[in-house]
Amino acid sequence: MPTTDTPQTAREATAARLLKISAGTSYDPDVDIDWRAPLDPGRMYAPEHRLSLAGTPLWDGLTREQRVELSKHEVASIASVGIWFEMLLMRLLLRHVSDQDPRTGHVQYALTEIGDECRHSIMFARMIEAFGTPAYRPAPLERALGKYLGATAGGVQTFAAALIAEEILDALQREAMADDSLQPLVRMVSRIHVVEEARHIRYARDELARQVAGAGPVSLAYSRLMIGRAAWTVTHSLIHPGAYAAVGLDPAEARAVAWRNPAFRETLRWSAERITTYLQELGLVAGPAKRLWRSSALL
C-alpha cells in the first residue's frame, strides 16, 4: 500500500479531483451552442490587436470588410491547428495510459480528457464550417513531425508539447470570450474550451512535473530539443498563409510582414508566458533548444 505522500497517491488525488469537476462541469456543443444563429457581418472574430498584421502598413491598407474577413480566417486557421494538436494529444494520451491499470483515476481521467478533446475537435470543425472558410492544415513537414511525435513521444514530451498548444490557445480564448464586441459564436466556443481546458492544463502540469523528476539526463536533453521544436511548430502553424490570400494579399509577403511585426511577436510571447515560465522552472528550456524557442518568438 502506498503511503499518503507518495507520487502515486498525489497523482490519484489530482485525478479524483479532476474527475469530480468533469462530472459537474462539462458541455455538449450540440446542445450548448446555437449553430443556427447567423454571424454578424460587422463583428470581428478576434480582437484587432491580436491579429498578425495589426499595426503594419498592410493592415492600414485593408478596408474594414477585409479586416473582418482576415480575422475570420485567422481564427479558422488557429482552430484548424487546434484540431490537429488535439488529435495528436489524443494519440499521445492513449499511448501514455495503454499499459497502465484502467482501475486507477489517472487512467480514467486521461480517457475523460480524450472524450473532451473529441468534442472540442468537433466543436472547432463545426465553427470553421459555420464560418465558410477552409480547414487550414499545417505544412507537410510539420504534419510529418506530428506523426513522429505521436508514435515516439514519451511522458515529458507528451505533456510539455500538450501544454504549449493548450496554454497558447487558452490565453487567446480567455481574452476573446470576455470581449463582447466579437462574434457570439467565437465567444461561446472560447468559453466552453477555456472551462474544460483548465482541468486538462492542471492534469498535464502535475504529470509533467512527475515525469521530469523521474527522467534521466539523456532523456531530458532529447526532450528539450523535441519540446523546442514543438514550440516552433505551434507558432509557425497558427496563421496559415491562405488566410492572407483570402483577403487579396500576397501570402508570402504577408507572412513575412507578420513575422517581423513586433505587435504579433508580442502576442505570441504573451500567449505563452505562463507555460514558458513553467517549463523554464522545470529546466526544459535550456541548451541548444533555446534557439528554437527564440525563433518561435516565445522568448
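Scroll up to find the structure this text is about.
Reference entry: report on the structure contained in this document. (Residues numbered from 1 in each chain as written. Predicted model: local features only at pLDDT ≥ 70, side-chain atom pairs only at ≥ 80, totals over all residues. Heavy atoms only, no water.)

### Examining the pattern of salt bridges
Applied cut-off: Here, a salt bridge means any side-chain nitrogen of Lys or Arg that lies within 4 Å of a carboxyl oxygen of Asp or Glu. Secondary structure counts use DSSP, requiring at least four H or I residues in a row for a helix and at least two E residues in a row for a strand, with both numbered from the N terminus. Accessibility here uses a 1.4 Å probe with only protein chains present; expressed as a share of the type maximum, an area under 20% marks a residue as buried, one over 50% as exposed, and anything in between as partly exposed.
Under the counting rule described, the total for this entry stands at 21 salt bridges. A salt bridge links Arg119 to Glu196, with the shortest nitrogen-to-oxygen separation between them at 3.6 Å. Within this pair, whereas Arg119 is found in helix H5 (residues 105-131), its partner Glu196 is found in helix H8 (residues 184-214), the two being separated by 77 residues in sequence. For Arg119, a relative accessible area of 26% translates into the label partly exposed. Close ionic contact of Arg199 with Glu196 constitutes a salt bridge, the shortest N to O distance being 3.7 Å.

### Description of helix H9 (residues 217-237)
Condition: Here a helix's expected span is defined as the number of its residues, less one, multiplied by 1.5 Å.
Given a rise of 1.5 Å per residue, 21 residues ought to cover 30 Å, and the 30 Å separating the end C-alpha atoms of H9 matches this to within 8%. What H9 keeps buried is the set Leu220, Ser223, Met226, Ile227, Gly228, Ala230, Ala231, Thr233, Val234, Thr235, His236 and Ser237.

### Details of the environment of Ala15
Going by this rule: Pairs of residues are marked as contacts when any of their non-hydrogen atoms sit within 4.5 Å.
Topologically, Ala15 is positioned in helix H1 (residues 7-24). Among the residues examined, Ala15 registers a relative accessible area of 1% and is labelled buried. As a C-alpha pair, Ala15 and Ala110 span 95 residues in sequence and 8.6 Å in three-dimensional space. Not counting the four nearest positions on each side in its chain, Ala15 is found in contact with Gly105, His106 and Tyr109.

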